[in-house]
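Here is what each chain is made of, one letter per residue.
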Amino acid sequence: IYYIFKFSCIKALTEFSKNAKVFVLIHKMDLVMEESREEIFKKRKAQLEEKSGIFKIKCYPTSIWEASLYKAWTQIVSELSPNKAGIEKSLKNFAEACEANEVVLFEKNTFLLCFAYCTIKEDDNTNDDQRFEKISHIIKKFKLSCMSSNSSFKSMVIETKNYSAYMDEFTSATYILVILSNKKVSLELLKLNAALCRKSFEEKLNADE
């Protein structure tokens, strides 16, 4: 990673893209002894910053075995998304119209990140700052089980005594997850509302500014 960063990335970016944002994932941190991870990360980060030239880089310690990779990608995409405020405002309007507790947009192919979310009604679950990572992990495992049975995952509905959860394909790049506690809200009406605003969200996600 250090070699590539030093000799390839920075040289090309300095020449062709001086306004680029540079993010570095210092991966496989799970292989480092836990008591040494912070020290090793800081050392590698300092080495990279020394060779970063005109760029102010952002580094993330990551591993595929816990939430760090998910959090890193989510933060990176949040910074790169030019219209996140507009997307979150639209999510809030959608959530209020559907009387939803929370609405979340996940990346479609890997579920490795949360594009944006809106929480209208908080409860004990919304206090869990790893809830999106946990949902991502559950859905990825479910998708794998579908593939093993020659099926494909498109949508799902989960109903409990207190909540209903609806997840479906939304835009070309996202899945939408809607959490409801109001049992009077019709699932079919919720699906219709999602279908009606799909084009608007597609345009916002693809907006340049």
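The present account deals with the structure reproduced in this document. (Residues numbered from 1 in each chain as written. Predicted model: local features only at pLDDT ≥ 70, side-chain atom pairs only at ≥ 80, totals over all residues. Heavy atoms only, no water.)

**Brief notes about the sheet that holds strand β5 (residues 155-159)**
With antiparallel pairing, the five strands of this open sheet are ordered in space as β4-β3-β7-β6-β5. Strands at the two margins of the open sheet, each flanked by one partner only, are β4 (114-119) and β5. The sheet shows a mean angle of 10° between the axes of neighbouring strands, taken without regard to direction. Bridging between strand β6 (residues 164-169) and strand β7 (residues 174-180) involves six bridges; their strand directions are antiparallel. Residue A165 lies in a different strand from β7, and its bridge partner there is I179. This element, helix α4 (residues 84-98), spans β3 (102-107), β4 and β7 of the sheet and lies at about 45° to β4. Helix α6 (residues 187-205) contacts β3, β4, β5, β6 and β7 of the sheet and is inclined by roughly 45° relative to β6. (Pairing = 2+ DSSP bridges. Helix = DSSP H or I, 4+ residues; strand = E, 2+ residues; numbered from the N terminus. Axes fitted to C-alpha atoms, helices over the stretch in contact; angles between N-to-C directions. Contact = heavy atoms within 4.5 Å.)

**With respect to the environment of L196**
Mapped onto the elements, L196 comes out in helix α6. By relative accessible area, L196 is classed as exposed at 65%. The spatial distance from the C-alpha of L196 to the C-alpha of T171 is 12 Å, given a sequence separation of 25 residues. (Buried < 20%, exposed > 50% of the residue type's maximum accessible area, 1.4 Å probe, protein only.)

**Some details on the pairing of β3**
With respect to burial, β3 is a largely interior element, six of its six residues being buried. Residues E102, V104 and F106 of β3 are buried on one face, and the alternating residues V103, L105 and E107, pointing to the opposite face, are buried as well. Sheet topology note: the β3/β4 ladder contains five bridges and is antiparallel. Counterpart to F106 in the pairing with β4 is C114. Strand direction decides the pairing type here: β3 and β7, joined by six bridges, are antiparallel.

**Let's talk about a nonpolar patch on the surface**
A cluster of nonpolar side chains, L189, L192 and L196, forms an exposed patch at the surface whose accessible area comes to about 310 Å². Within the secondary structure layout, L192 lies in helix α6. (Patch = residues over 30% accessible without salt bridge, like charges linked within 9 Å, V, L, I, M, F, W, Y side chains within 5 Å. Areas by Shrake-Rupley, 256 points an atom, 1.4 Å probe, with all protein chains shown as cover. Salt bridge = Lys/Arg side-chain N within 4 Å of Asp/Glu carboxyl O.)

**Thoughts on the environment of Y60**
Topologically, Y60 is positioned in strand β2 (residues 58-61). Separated by 12 residues in the primary sequence, Y60 and A72 place their C-alpha atoms 6.2 Å from one another. The residues touching Y60, leaving out its near neighbours within four places in the chain, are F23, V24, L25, I26, F41, A72, Q75, I76 and E79.

**Details of the pattern of salt bridges**
Under the defined criterion, the tally for this structure stands at four salt bridges. The partner of K191 in a salt bridge is E188, with the nearest N and O atoms 3.9 Å apart. One end of the pair, K191, and the other, E188, are both in helix α6, three residues apart, so they sit about a helical turn from each other. Note on K191: relative accessible area 31%, which makes it partly exposed. For E188, a relative accessible area of 54% puts it in the exposed group.

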